[in-house]
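Structural features, examined
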Amino acid sequence: MSKPTNNIYLIESDKLILVYKEVKSPEKNQINTYFDYVEELVKGRKFHLIIDLSDCKHPSAKVRDEIKNKYKDIAHLIESYSVYIGNNRLLRIAIRFIGPSIGIKSYKKYDTIPEAINHIHNL
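Residues numbered from 1 in each chain as written. Predicted model: local features only at pLDDT ≥ 70, side-chain atom pairs only at ≥ 80, totals over all residues. Heavy atoms only, no water.

The next subject is the pairing of strand E2 (residues 16-21). Extensive coverage of E2 is indicated by the burial of five of its six residues. Bridge count for strand E1 (residues 8-12) against E2 is five bridges, and the pairing is antiparallel. If you follow Ile8 over to E2, its bridge partner there is Tyr20. What sits between the antiparallel neighbours E1 and E2 is a turn of three residues. A crossover links E2 with its parallel partner strand E3 (residues 47-52), the connecting element being helix H2 (residues 28-42), and its sense is right-handed. (Buried < 20%, exposed > 50% of the residue type's maximum accessible area, 1.4 Å probe, protein only. Helix = DSSP H or I, 4+ residues; strand = E, 2+ residues; numbered from the N terminus. Pairing = 2+ DSSP bridges. Right-handed = clockwise from strand over helix to strand, strands pointing away.)

Spelled out as C-alpha cells, the structure:
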C-alpha cells in the first residue's frame, strides 16, 4: 500500500487546499488510512479538495461505500470539490455516476491540477 504522504498534500495560501491523489486500485484499508491522514492534515479546518483520479480504476461497490462514509465524515469541512481525471476517458464518463453515488453532488472537473488551484484562488 502506498503511503498517504506520497499521495496527499496541502497547499497553504490564503485558502487551504488539499490534493488527494487516489491510488490505481483503491482498497478499503487504504481508504481508511488515507482519510485518517486527511483529518490529521486539516486539523478540523475548512478546506478545498482537489481529487486526482488520473491513474485510478473504477472502485468496487465495497470501496465506493467506504469512500462515501469517509466523505460524509468530513463533508462539513469541505468548501469545494475539484476533480482531475487526466486522459482517462472511461472515468470521465463514469465520474458523472460515481460522484453522486459517494455523496459528491457538486464538483468541477479540470484538465490540470494547476488549473483547479487557480480556480480555487479566484473563488
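Another aspect to go through is the packing of aromatic side chains. The tally for this structure, following the rule as stated, stands at four aromatic pairs. Judged by centre distance (5.8 Å) and plane angle (70°), the rings of Tyr20 and Tyr34 are edge-to-face. With Tyr20 in strand E2 and Tyr34 in helix H2, the pair connects residues that are 14 residues apart, well separated along the chain. Tyr20 gets classed as buried once you look at its relative accessible area, which sits at 2%. Relative accessible area serves as the criterion here: at 0%, Tyr34 is assigned to the buried category. Three or more aromatic residues joined by ring pairs form one cluster here, namely Tyr20, Tyr34, Phe35, Tyr71 and Tyr81. (Phe/Tyr/Trp six-rings, centres within 6.5 Å; stacked < 30°, edge-to-face > 60°.)

Looking now at the pairing of strand E4 (residues 78-84). For E4, the buried fraction is high: six of the seven residues fall into the buried class. You can see the chain leave E3, run along helix H3 (residues 61-74) and come back into E4, and the turn it takes is right-handed. With three bridges connecting them, E4 and strand E5 (residues 108-110) associate as parallel partners. Each residue of the ladder has a partner; that of Tyr84, found in E5, is Tyr110.

For the rest of this paragraph, the subject is the sheet that holds E3. Adjacent strands of a sheet pair through backbone hydrogen bonds, lying either parallel or antiparallel. Strands sit in the order E1-E2-E3-E4-E5 across an open sheet of five strands; the sheet is mixed. The sheet terminates laterally at E1 and E5, the two strands that pair on one side only. Mean inter-strand twist for the sheet, computed between neighbouring axes without regard to direction, equals 25°. Running over the sheet, helix H5 (residues 113-121) touches E1, E2, E3, E4 and E5 and is turned about 165° from E3. (Axes fitted to C-alpha atoms, helices over the stretch in contact; angles between N-to-C directions. Contact = heavy atoms within 4.5 Å.)

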